Every structure is written in structure tokens, then in C-alpha cells.
Amino acid sequence: MSAVVVVGAQWGDEGKGKIVDIFTEHAELVVRYAGGPNAGHTLVVGNDRVIVRLVPSGILRPHTRCVLAQGMAIDPTSLIGEIDELQRRGYAADGQLVVSERAHAILPYHVLIDTLREQGADAIGTTKRGVGPCYEDKMARRGIPLGVFRDRDRTKKLVGRALEAWAPTITALGGQVPTLAEVMTSIDAVRGRIVPLLADTSELVDEALRGGKNVLFEGAQGTLLDIDHGTYPFVTSSSSTAGGASTGTGVGPTRLGKVIGLVKAYSTRVGGGPFPTELNDDVGERLRKAGAEFGSVTGRPRRTGWLDACAVRYAVRVNGLDGLALTKLDVLTGLSEIRVCTGYQSSSGTRTSFPLEEVDRAVPVYETLPGWSEDLSTARTLADLPASARRYVEFVERETQCRIVLVSVGSRRDETIVVDEVFG
């Protein structure tokens, strides 16, 4: 059996869409294990640009079956819309997508609560897609697993209970509580199409592994947004680290093989929260424009900054990474010099570990490397890279203490340097 987990090693937006798409050339099953429609992937195939939010990137490979596992929060209306758009483009064949009956449904009141909260003083910069409130319901044991959709009466009963629980919050936030009839109308509009997609996906994934198939586990967001290991409270509501691949799919940790982390050649962050290497200058704006750093879900401009090797080392440790895929190296082209954070000045003195407990106060320590001006898009081996770009790759590998297995030098599938195959 061969099971590979792919996780973000920063604050998300590391380019998982393209990399997962490349890895799935050799995968027969792709399993998304966390998050919801707050995670967007932009894929470029030929002249076709495809954005997916819930469906795994592997849906573009006809031979690959895709699974939305029980660790996810799924907006059923958004999912059907996404499937329709994919099928319009010739993807997502019947039977190619399977959805866990235990994944929880994001319903209109979740989106409403998320939106109302983000209008207040305590906003943290969510995508307002209802993901956090949905996970709140799950943990409070009043959530709606999608399997409940098979029984309309039971669905109505559980929705009514949830609305009753949320009504004081919605009212206090200045909102109008949806009626039970309104919520059920939205569910009824898609219930007939959701139910045929449902299955016990834990068993399905287990059968694939026992059958010797290549299985790719796809995370969402990034390590520094993990509910337990991220820059709390500016985090997502699920387990976006490699450990989430087990809890979010029902596959034991001993069944998993390699863990590959995705790291952008610089850093970005969306929404609020500490970002020590952030660049609020012309260089930061240049990175934003050159890297098209605008959220694929919200369209919001991403905050940009230098690569934080300390943060990536932290991700290597908490995920047990076996390798790194370095993305968007081409975006750095044209800079005369490039800086990398290799340490911090903190209350305990100079340190090389990521100062998670005081990340909003610690001061980055940088090392400066020479930049390059040559176009990287035709490079297909590390030897094809200009000397300064190759030195940068080697420096990242050394500073993060993790080998680099892939380097992306453009947005297209073929604009990639594969150093090591992840399956095999």
C-alpha cells in the first residue's frame, strides 16, 4: 500500500491545488480530510483555469476517485454548484466523487452567524462561509451529519433544535433568525442530489489501502492555522496538520506513509493574526501582484512577506514531514536580494525555534541571499535553474531541515521540477 499525506506548511495558500493535481497522476484515490468551502484551489490545465473549494484537485484526473471525508464541513448547496460547474467543463464523471455520510452540513444559519461575527470588533478574518459555526455545532453534538438527509423528518427535527440554540446569538448580533421552513427549503433543493453521493468513506478508503492502491490524503489551510498547533485564536476550526488525516478519515496513523509539506518560496497570510515577516512596502506589493496573491474563495488580497524558515521547521516537526514541495519560486524572479527569517529575538534571547507563544512580539532575524533575473519557467531539473535560484532552493532545504522533493516554477502542470516521486 502507498498512502501520502499532503499538508500546508505555512498559513495556507501554499499552492496545494497544483501540487495535489500533479501527485494525483499516480493516485487512484484522493481524500480530503478537513476544512470546507473556506479552502480554494486554483488549477491551470492547458488554457483552462479551474477553481475548486470542496472537491479535491484530483477530480481533474479521470482515473482518480475523490472522497470528501467525515472530518470536513460541507455546504451542500455549494457542493452541488461546484459539481455542476465541473461537469459543465467535462470533469467530475458520475461515480467519481463520494461524500462521507458523517461529514457535517453547513447550513444557512451557519453562514449568517459567521457573517455577523465578522462585522464585530472580535472579527478574525474568516471567509464567512459558515465553517466555524458548523464545527461548533459538531462539537456541541447538535450538528447535522449529511447522512441525516436520508430522513427528512429527522433532518427537520435536528435543524429546529439547532435554530433554537442559535437564536439568542443571532439576535444578540443583530441578525434575523431564519425560519425552520426557510432552512428546510434550502435543504430540499439539494437533498435529492446529495444523498446518492453518500457512503461510509472510512470503509471505502480502507478497502483501497488494503487493495494496494495509491491514496493521497489532501489537507486544507496550513499548519499555522491548525486549531491546536496554529497561531490561536487566529486559526481555522479543524485539524489541518497531518494528524487530521487520521481523525478526519477514520484511517489509523499506522496506515499512513509519507507526509509531504507544501511551502511557498515566500510567505502569505489572509485575514487577521500575527505575521512576523510581513512586508508592508513595495516589495510586498510586488510579491502580491507577481504571485496573484488574491484569495480564490474571497478575492481578498493576501498579506505577503519573506519566507519564515523557523515556521517551516515547526511545521516539519509537528507534521513529521518527509519532504517539502517548494512552490512559486518563479515569483521571486527579478528581486535583487531575497531575505529569509532564520531566527528570532524573543524575551528569552535569540532563538531559532518558531516563537508560537509570543509570535506577535518576537522580532525576526534575517539572512540575505542574492536574487536572480532569469526566467525559470523552462527549468525541468534543479541544474536548469540559475545559480542564485539553485542556491536559494538549497538554502531553504538546509534551513528547514527537510529535503525538497519538488519545485514549482510556474502555474502550469509542466512548469515543475520533480526531484523525487512521492509514490513508490
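Definitions and cut-offs
Residues numbered from 1 in each chain as written. Predicted model: local features only at pLDDT ≥ 70, side-chain atom pairs only at ≥ 80, totals over all residues. Heavy atoms only, no water. Phe/Tyr/Trp six-rings, centres within 6.5 Å; stacked < 30°, edge-to-face > 60°. Helix = DSSP H or I, 4+ residues; strand = E, 2+ residues; numbered from the N terminus. Buried < 20%, exposed > 50% of the residue type's maximum accessible area, 1.4 Å probe, protein only. Lys NZ or Arg CZ within 6 Å of the ring centre and 35° of its normal. Contact = heavy atoms within 4.5 Å. Salt bridge = Lys/Arg side-chain N within 4 Å of Asp/Glu carboxyl O. Axes fitted to C-alpha atoms, helices over the stretch in contact; angles between N-to-C directions. Parallel < 35°, antiparallel > 145°, perpendicular 65-115°, else oblique. Left-handed = near helix turned anticlockwise from the far one by under 90°. Nonpolar A, V, L, I, M, F, W, Y, C, P; charged D, E, K, R; others polar. Disulfide = S-S within 2.5 Å. Lys, Arg positive; Asp, Glu negative; His and termini not counted. Polar contact = N/O pair within 3.5 Å; in protein donor to acceptor, adjacent residues only side chain to side chain. Arc of directions from axis to C-beta. Pairing = 2+ DSSP bridges.

**Examining the packing of aromatic side chains**
- Per the counting criterion, the structure on display carries four aromatic pairs.
- Between the aromatic rings of Tyr 344 and Phe 354, the centroid separation amounts to 6.2 Å while the plane-to-plane angle is 75°, which identifies the pairing as edge-to-face. Highlighted residues: Tyr 344 in strand S16 (residues 337-346) and Phe 354 in the loop between strand S17 (349-351) and strand S18 (363-370), separated in sequence by ten residues. In this pair, the class of Tyr 344 matches that of Phe 354, namely buried.
- For the pair Trp 372 and Tyr 392, a centre-to-centre distance of 6.1 Å together with 55° between the ring planes defines the contact as tilted. Here Tyr 392 lies in helix H11 (residues 387-400) and Trp 372 lies in the loop between S18 and H11, a separation of 20 residues in the sequence. Of the two residues examined, Trp 372 and Tyr 392, each falls in the buried class.
- By way of ring pairs, the aromatic residues Tyr 314, Tyr 344 and Phe 354 are connected into one cluster.
- The ring of Trp 166 carries the charged tip of Arg 142 above its face, separated from the ring centre by 5.0 Å.

**What to know about the environment of Glu 358**
- Structurally, Glu 358 can be placed in the loop between S17 and S18.
- Taking the C-alpha atoms as reference points, Glu 358 and Pro 274, separated by 84 residues in sequence, lie 9.4 Å from one another.
- Those residues in contact with Glu 358 that sit more than four places away from it in its chain are Ser 346, Ser 347 and Arg 351.

**Focus: the pattern of salt bridges**
- Taken as a whole, this structure holds 25 salt bridges when the rule is applied.
- One salt bridge connects Arg 288 with Glu 285, and the closest N-O pair in it is separated by 2.4 Å. A residue pair is termed a helical-turn pair when its members lie 3 or 4 positions apart in one helix, as Arg 288 and Glu 285 do in helix H9 (residues 282-290) at three residues.
- Relative accessible area serves as the criterion here: at 31%, Glu 285 is assigned to the partly exposed category.
- The partner of Arg 351 in a salt bridge is Glu 357, and the shortest N-O contact between them spans 2.8 Å.
- Classification of Arg 351 as buried rests on a relative accessible area of 17%.

**Notes on the packing of helix H2 (residues 76-88) against helix H6 (residues 180-194)**
- Two elements in contact, H2 and H6, have axes separated by 9 Å at closest approach and are oriented at 55°. With respect to H6, the axis of H2 lies oblique. With respect to the hand of their crossing, H2 and H6 are arranged in left-handed fashion. On the side of H2, the interface is formed by Pro 76, Thr 77, Leu 79, Ile 80, Ile 83 and Asp 84, while H6 contributes Ser 186, Val 190, Arg 193 and Ile 194.
- For the contact of H2 with H6, the class distribution of residues is six nonpolar, two polar and two charged.

**A short note on the state of the cysteines**
- Inspection of every chain in the model, using the stated rule, returns zero disulfides.
- Cys 310 supplies the cysteine sulfur nearest to Cys 341, a cysteine that is in no disulfide, at a spacing of 4.3 Å.
- For Cys 341, a relative accessible area of 0% translates into the label buried.

**Let's talk about the side chain of Asp 226**
- Looking at where Asp 226 falls in the secondary structure, it is placed in the loop between strand S10 (214-218) and helix H8 (244-247).
- Within the buried set, Asp 226 has no salt-bridge partner at all; the shortest N-O distance to an opposite charge, 12 Å, is to Lys 16.
- At 3.1 Å, the side chain of Asp 226 forms a polar contact with the side chain of Thr 241.
- Each residue touching Asp 226, except ones within four places of it in the same chain, is listed here: Val 235, Ser 238, Ser 239, Ser 240 and Thr 241.

**Re H9**
- If you check which residues of H9 are buried, you get Gly 284, Leu 287 and Arg 288. Buried residues of H9, viewed axially, fall in a sector of 100°; they line one side. In H9, the exposed positions that point more than 90 degrees away from the buried face belong to Asp 282 and Lys 289.
- Lining the buried residues of H9 we find strand S13 (303-305).

**Some points on unusual backbone geometry**
- Going from Tyr 232 to Pro 233, the amide bond is cis rather than trans, its omega being 10°.
- Relative to the helices and strands, Pro 233 is located in the loop between S10 and H8.
- Despite not being glycine, Lys 128 shows a phi value in the positive range, around 60°.
- Tracing the backbone through its elements, the reader meets Lys 128 in the loop between helix H3 (108-117) and helix H4 (131-139).
- Overall, the relative accessible area of 36% leaves Lys 128 in the partly exposed class.
- Of note in the backbone geometry, Arg 141 takes a positive phi value of approximately 65° without being a glycine.
- Position of Arg 141 among the secondary structure elements: in the loop between H4 and helix H5 (152-172).

**Brief notes about the pairing of strand S19 (residues 404-408)**
- Most of S19 sits inside the fold, with five of its five residues counted as buried.
- Relative to S19, strand S15 (residues 323-327) is paired through three bridges, and the arrangement is parallel. By the bridge assignment for S19, Ala 325 is matched with Leu 406.
- Here three bridges tie S19 to strand S20 (residues 416-418), and the two strands are oriented antiparallel to one another. Residue pairing in the sheet places Val 407 in a bridge with Ile 417 of S20.

**A closer look at the sheet that holds strand S5 (residues 65-68)**
- The strand order across the open sheet built from ten strands is S9-S7-S5-S2-S10-S1-S11-S15-S19-S20, with neighbouring strands paired in mixed fashion. Taken across any chain shown, the strands that pair with only one partner, and hence form the sheet edges, are strand S9 (198-199) and S20.
- Packed on one face of the sheet, helix H1 (residues 16-23) meets strand S1 (2-8), strand S2 (29-32), S10, strand S11 (258-264), S15, S19 and S20 and runs near 120° to S19.

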